[in-house]
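Chain by chain, the residues:
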There are 2 protein chains.
Amino acid sequence: MPPNKLQVPRISDAVAASLEKRILEGSLKPGDRLPPERELAAELGVSRPSLREAIQKLASRGMVQSRQGGGTYVTHQLEASFFDPWQDMMSTHPTLREDLLEFRRMLEGQAAEWAAERATEVDLARLAQTFATLDAAFDAGDLETRAAADIDFHQAIGEATHNALIGHLSAALLRMMQDNIRLNLDELKRVPAAISLLKSQHAAIHTAIAERRPAAARAAAETHIDFVRESLAQSLRSAARRETATRRLNT
Amino acid sequence: MPPNKLQVPRISDAVAASLEKRILEGSLKPGDRLPPERELAAELGVSRPSLREAIQKLASRGMVQSRQGGGTYVTHQLEASFFDPWQDMMSTHPTLREDLLEFRRMLEGQAAEWAAERATEVDLARLAQTFATLDAAFDAGDLETRAAADIDFHQAIGEATHNALIGHLSAALLRMMQDNIRLNLDELKRVPAAISLLKSQHAAIHTAIAERRPAAARAAAETHIDFVRESLAQSLRSAARRETATRRLNT
DNA sequence: TCTGGTTAATTGGTCAAACCAATATTTCTG
DNA sequence: CAGAAATATTGGTTTGACCAATTAACCAGA
């Protein structure tokens, strides 16, 4: 019974594709305001609701932005390419962030434990290398390279578990977090101690795995996630505080 | 002139978020058909065009799929986004099966533990219902309904954890296993005791959660997976034996 | 002439009531 | 009982209208 049959083409899809084409080929540049809905609907030969459905599609992909009474404008950021549905959900459903962190605590804890039990010499060498890179990235690198090094480190742990799913999932979840939390990531820079704390936490995980102490590795990983979770919540609170302060100034 | 000003909240966005929430929480599961547009619009207190705009948003993200005259269905996109690449590999790389089972042991164990800690009365009622269905399906049902009931049961546990990731991931993993192992599933029928054993294991998980004993729930879930893992390996061995025997006959 | 506020036109947001077309369900017929 | 026809359901589309926010035009007062 599920949608196995072929789909009937929908008008709104055709309209959305047409508008997309205009944007991509440049006849509608970023910042441009597209014609009024009534006008555009007449020009395309469709009804206004159909046109609106198409516009909402583009809006949900972040390609256009509408303001009541103002008009509909082409966004400056082309190619949003947010194809992962979890990504957009994260921004609108804050509880998902908590769920993700809680899940990561379990996952990374287990990964560290297994890695300490099963890592081969090759795994340990690779882990040591990614750890060194990460440590250096924290000192000098920009956020991009730091994020990449972070993923590499956690993925090296995942691979050391010799369980393909662990590595894949832990990297995927970390990437998912980074993409939607990068805004608040540099909040950590306001806390001078944060960097050294994070570095010591990573070091604790690394040495516990290298010394093959599973329980210690798990504890270190969980401590690390707990710290991330706590400082993230704290940075969100302080961001909210700054916003109210700014709002107070404007009145 | 660009849209710097604050945005007026659109109804379609609120509706889309509401539907997203239902999907995340599990009240709308992948494969489910959502109510007719007219009905849903009335229930949400919005007009049909507004509801349609919201549905188009979700459809453009691939979370739902509509067929004229048929209905609108929740896709498996959320779960598939994690494991799509793994599906085909499962059949060719047998070690992945082991990894999957090991991962499930951790996941289901944690899920059972959290469910025992956090389940509300509603969760417990739903869990009891899915358990009863599963128990009945083991006696009379064919493989299809048994597999579906199995997914429902484990998903109910996942939902009782009140962690969106747990529910979707555990369902996705179980479905992935069933899809790639169904061939060997009826192997279990050759072991008469297996059915009663599985039933008692499910019962143990259920009662432990219902009685809110987290440690017992985790242990029961892990025991269950251990049994599945062991009997699966055994059935594979016997299947291999039969195959070599058959091959011997043909020469 | 310039400034400020008021008014009018524009434009996206929402709703209501239809009708069409594909599908699903029921009923009828052989 | 199986297959075909009739009916009901359901998404797809259109028309028309009204509201609310924005923008543009206007005009009175300095």
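From a predicted model like this one, the values you see are computed outputs, not experimental measurements.

Caption draft 1: Representation of helix H2 (residues 37–44) of chain B within the structure. Residue and element names in this part refer to chain B. Residues Glu37, Leu40 and Ala41 constitute the buried set of H2. What you see down the axis of H2 is that its buried residues fit within an arc of 100 degrees, all on one side. Away from the buried face of H2 by more than 90 degrees, exposed residues Arg38, Glu39 and Ala42 are located. Looking at the buried residues of H2, the elements they touch are helix H1 (11–25) and helix H3 (48–60). Positioned one or two residues after H2, glycine 45 has a phi angle of 75 degrees, which is positive.

Caption draft 2: Structural detail: the interface of chain A and chain B. Residue-level contacts link 46 residues of chain A with 48 residues of chain B. Considering only the side of chain A, the residues that lose the most area to chain B are Trp86(A), Met106(A) and Leu165(A), jointly responsible for 15% of the buried surface there. There are 4 salt bridges connecting chain A and chain B. Where chain A packs against chain B, one counts 21 residue pairs in polar contact (both at pLDDT 80 or more). Elements that contribute at least two residues to the side of chain A that touches chain B include exactly helix H3 (48–60), strand E2 (64–67), helix H4 (85–92), helix H5 (94–118) and helix H8 (164–185) of chain A.

Caption draft 3: Examining the environment of Glu20(B) more closely. Here Glu20(B) shows up in helix H1. On the basis of relative accessibility, which here comes to 2%, the residue Glu20(B) falls in the buried class. Through-space distance from the C-alpha of Glu20(B) to that of Ala217(B) is 30 Å; in sequence the pair is 197 residues apart. Discounting chain neighbours no more than four positions away, the residues touching Glu20(B) are Met89(A), Thr92(A), His93(A), Leu58(B), Arg61(B) and Met63(B). Only 2.9 Å separates the side chain of Glu20(B) from the side chain of His93(A), close enough to count as a polar contact.

Caption draft 4: Local environment of helix H7 (residues 143–160) of chain B. Residues and elements named next belong to chain B. The end-to-end C-alpha separation of H7 is 26 Å, in line with the 26 Å expected for 18 residues at 1.5 Å each. In terms of burial, H7 is largely enclosed, as 13 of its 18 residues are buried. Where H7 terminates, the next one or two residues include histidine 162, which has phi positive at roughly 60 degrees.

Caption draft 5: The arrangement of the sheet that holds strand E1 (residues 33–34) of chain A in detail. Residue and element names in this part refer to chain A. The 3 strands are arranged E1-E3-E2 in an open sheet whose pairing can be described as antiparallel. Each edge of the sheet is formed by a strand with only one pairing partner; in this case those strands are E1 and E2. One ladder, built from 4 bridges, connects E2 with strand E3 (residues 71–74); its direction is antiparallel. Note that in E3 the partner of glutamine 65 across the bridge is tyrosine 73.

Caption draft 6: Broad picture of the protein's contact with DNA strand D. Taken together, 23 residues surround DNA strand D, and among them Ile11(A), Ser50(A), Arg67(A), Glu37(B) and Arg48(B) come closest. Atoms of DNA strand D within 4 Å of the protein belong to the sugar or the phosphate in 65% of instances, the rest to bases. Within the backbone of Ile11(A), a nitrogen or oxygen atom sits 2.5 Å from a phosphate oxygen of DNA strand D. Between DNA strand D and Glu37(B) there is a distance of 2.8 Å, counted from a phosphate oxygen to a backbone nitrogen or oxygen. If you list the elements that add at least two residues to the surface near DNA strand D, you get H3 of chain A together with H2, H3, strand E2 (64–67) and strand E3 (71–74) of chain B. The leading source of residues in the surface near DNA strand D is H3(A), at 3 residues. Residue classes in the surface near DNA strand D are distributed as 3 nonpolar, 10 polar and 10 charged.

Caption draft 7: Summary view of the protein's contact with DNA strand C. By nearness alone, 26 residues border DNA strand C, and Arg48(A), Arg52(A), Ile11(B), Ser50(B) and Arg67(B) come closest of all. Backbone atoms, meaning sugar and phosphate, form 68% of the atoms of DNA strand C found within 4 Å of the protein. Between DNA strand C and the protein, one listed contact pairs a phosphate oxygen with a side-chain N or O atom of Ser50(B) at 2.7 Å. Of all the secondary structure elements, the ones that give two or more residues to the surface near DNA strand C are helix H2 (37–44), H3, E2 and E3 of chain A together with H3 of chain B. The dominant element in the surface near DNA strand C, judged by the number of residues it contributes, is H3(B), at 3 residues. Here the surface near DNA strand C is composed, by residue class, of 6 nonpolar, 10 polar and 10 charged.

Procedures and definitions
Note on numbering: residues in each chain are counted from 1, in written sequence order. All chains are assigned letters beginning with A, and all ligands numbers beginning with 1, in the order in which they are written. It should be noted that, the model being predicted, local features are given only for residues of pLDDT at least 70 and side-chain atom pairs only at 80 or more, the latter also being counted only at that level, while totals for whole chains, interfaces and linings use all residues. The side-chain quantities take in all heavy atoms of the structure and omit both hydrogens and water. Partly exposed residues are those whose accessible area sits between 20% and 50% of the maximum for their type, while under 20% is buried and over 50% is exposed, using a 1.4 Å probe and protein chains only. Starting at the N terminus, helices and strands are each numbered in turn, a helix being any DSSP run of H or I of at least four residues and a strand any DSSP run of E of at least two. This arc is built from the directions going out from the helix axis to the C-beta atoms. A contact between two residues is defined here by any heavy atoms of the two lying within 4.5 Å. Defined in terms of a 1.4 Å probe, buried area is the accessible area two parts forfeit on being brought together, summed over both. Whenever Lys or Arg places a side-chain nitrogen within 4 Å of a carboxyl oxygen from Asp or Glu, that contact is recorded as a salt bridge. Polar contacts, as counted here, are pairs of nitrogen or oxygen atoms within 3.5 Å of one another; within protein the pair requires one atom able to donate a hydrogen and one able to accept it, and residues that are adjacent in sequence qualify only if both atoms are side-chain atoms. In this scheme, a helix's expected span is set at 1.5 Å multiplied by one less than its residue total. Note on pairing: two strands pair once DSSP finds at least 2 bridges between them. Working definition: residue near molecule or strand if any one of its non-hydrogen atoms lies within 4 Å of it. Classification used: nonpolar for Ala, Val, Leu, Ile, Met, Phe, Trp, Tyr, Cys and Pro, charged for Asp, Glu, Lys and Arg, polar for all others including Gly.

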